[in-house]
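Analysis of the macromolecular model
Here's the letter readout for the chains.
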Amino acid sequence: MSIASEWNIQQKELKELIGKKETFDKAKDLYLSMHRYLHFSDNDNTLMNQLWEMLDIKDFSIMPTAKDVTIAWNIWHITRIEDLTVNILISNSEQIYNKEWQKKMKVSVNDTGNAMTDDEIMNLSKSIDIEVLKEYRKAVGTQTQSIFSKLKFEDMKRKAEKKGIEKILNEGGVTDHPDSIWLLDFWGKKNVAGIILMPGTRHQIGHINDCYNLKNSINRKKEYYKS
């Protein structure tokens, strides 16, 4: 069974709990637990910790086939989306990513990577400082935990504000390419609960599962060339 398949039971429970005032506290506890498992931890053996320990530095920038992306791209993608949606759309505040992070990470992009070509994905994956990407993901995860801990049930039905959607576009979180800009319409139709469910949990587990699959593909290729 894939990681994503095992996750579906909790995802279904979260969806049921988060929609009712009387079960919202349980939903909050469940979400915080699920979210922690998708991020790095100094105290727990999370899914991200396990993945990171499996990887060699070269693994991050390998695209096994033309149908694949890379592990570095997957981690960049889900972390940028979490940063944008949680901080700008849910918290109505500033995203963590800025010019300082961009410089430290050694990248030239701001957006989520949805519309990147294979060459652009490879350029990002080979240039990005993996350890700084890890620190960025840690910072985003910590911020999300803090923000969600303070949310109330009444916040769940609050829709993403138009000014937040415009802010994401103006700050380069998405581009005007059709494969990127559709995200604004998608997020703009959601309330806070909807953003928490997708992309907050389900989107992330899907891409982390992809990372594990990519690592397996990389290992198979390594074994093939050894034989």
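Before going into details, it helps to say that this report is about the structure given with it.

Parameters at a glance
Residues numbered from 1 in each chain as written. Predicted model: local features only at pLDDT ≥ 70, side-chain atom pairs only at ≥ 80, totals over all residues. Heavy atoms only, no water. Helix = DSSP H or I, 4+ residues; strand = E, 2+ residues; numbered from the N terminus. Rg over C-alpha atoms; globule rule 2.2 N^0.38 Å. Areas by Shrake-Rupley, 256 points an atom, 1.4 Å probe, with all protein chains shown as cover. Lys, Arg positive; Asp, Glu negative; His and termini not counted. Charge placed at Lys NZ, Arg CZ, Asp CG, Glu CD. Axes fitted to C-alpha atoms, helices over the stretch in contact; angles between N-to-C directions. Parallel < 35°, antiparallel > 145°, perpendicular 65-115°, else oblique. Left-handed = near helix turned anticlockwise from the far one by under 90°. Contact = heavy atoms within 4.5 Å. Nonpolar A, V, L, I, M, F, W, Y, C, P; charged D, E, K, R; others polar. Core = buried A, V, L, I, M, F, W, Y, C linked by side-chain atoms within 4.5 Å. Buried < 20%, exposed > 50% of the residue type's maximum accessible area, 1.4 Å probe, protein only. Expected span 1.5 Å × (residues − 1). Polar contact = N/O pair within 3.5 Å; in protein donor to acceptor, adjacent residues only side chain to side chain. Arc of directions from axis to C-beta. Salt bridge = Lys/Arg side-chain N within 4 Å of Asp/Glu carboxyl O.

**Observations regarding the overall build of the protein**
Scanning the protein for helices and strands turns up ten helices and zero strands. In the protein, the succession of helices and strands from N to C terminus is α-α-α-α-α-α-α-α-α-α. Taken over C-alpha atoms, the radius of gyration comes to 18 Å for the protein, in line with the 17 Å a tight globule of 227 residues would show. Expressed along its principal axes, the backbone C-alpha trace of the protein runs to roughly 60 × 40 × 30 Å. Per element, the accessible surface of the protein, about 11800 Å² overall, is 49% carbon and sulfur. Where the 34 positive side-chain charges of the protein centre and where its 33 negative ones centre are 2 Å apart.

**A short note on the packing of helix 8 (residues 162–170) against helix 9 (residues 178–188)**
Axis separation between helix 8 and helix 9 bottoms out at 10 Å; the angle between their running directions is 160 degrees. Of the possible angle classes, the one that applies to helix 8 and helix 9 is roughly antiparallel. Relative to helix 9, the crossing made by helix 8 is right-handed. Seen from helix 8, the contacting residues are Ile165, Ile168 and Leu169; seen from helix 9, they are Ile181, Leu184, Trp187 and Gly188. A per-class count over the contact of helix 8 with helix 9 returns six nonpolar, one polar and no charged.

**Topic: the nonpolar core**
Residues Trp76, Met105, Ile128, Met156, Trp187 and Ile196 are the most contacted members of the largest nonpolar core, which totals 70 residues. Excluding its chain neighbours within four sequence positions, the residues that come into contact with methionine 105 are Trp76, Tyr97, Ser127, Ile128, Asp129, Val132, Leu133 and Tyr136.

**Regarding the side chain of histidine 35**
Considering the arrangement of structural elements, one finds histidine 35 in helix 2 (residues 24–37). For histidine 35, a relative accessible area of 1% corresponds to the buried category. Ignoring any residue separated from it by four or fewer positions in sequence, one finds histidine 35 in contact with Glu82, Gly141, Thr144 and Gln145.

**What about helix 2?**
If you check helix 2, its first and last C-alpha atoms are 20 Å apart, about what 14 residues at 1.5 Å a residue would give, namely 20 Å. Of all the residues in helix 2, the buried ones are Phe24, Ala27, Lys28, Leu30, Tyr31, Leu32, Met34 and His35.

**Examining the environment of valine 174**
Residue placement: valine 174 occurs in the loop between helix 8 and helix 9. When the C-alpha positions of valine 174 and isoleucine 81 are compared, they lie 9.5 Å apart, and in sequence the two are 93 residues distant. In contact with valine 174, other than residues within four places in its own chain, are Asp111, Ile168, Leu169, Ser180, Leu183, Leu184 and Trp187.

**What about the side chain of lysine 215?**
Here lysine 215 lies in helix 10 (residues 192–226). Classification of lysine 215 as buried rests on a relative accessible area of 5%. Here the side chain of lysine 215 touches aspartate 59 through a polar contact of 2.7 Å, side chain to side chain. Setting aside chain neighbours within four positions, we find lysine 215 in contact with Met54, Leu55, Asp56, Asp59, Ile71 and Lys222.

**Observations regarding helix 6 (residues 118–127)**
In an α-helix, one turn spans 3.6 residues, which is why side chains three or four residues apart end up on the same side. Taken together, the buried positions of helix 6 are occupied by Ile121, Met122, Leu124 and Ser125. Viewed end-on, helix 6 has its buried residues packed into an arc of 160 degrees, placing them on one side of the element. Set apart from the buried face of helix 6 by more than 90 degrees, the exposed residues are Asp119, Asn123 and Lys126. Of the surrounding secondary structure, the elements contacted by the buried residues of helix 6 are helix 4 (71–90).

**As for the pattern of salt bridges**
Under the criterion given, the structure shown has nine salt bridges. Of the charged contacts, one joins aspartate 83 and arginine 80 as a salt bridge, the two residues approaching to 3.4 Å between their closest N and O atoms. One end of the pair is aspartate 83 and the other is arginine 80, both in helix 4 and three residues apart, which spans about a single turn. Taken together, the salt bridges that share partners define one network made up of Glu94, Lys167 and Glu171.

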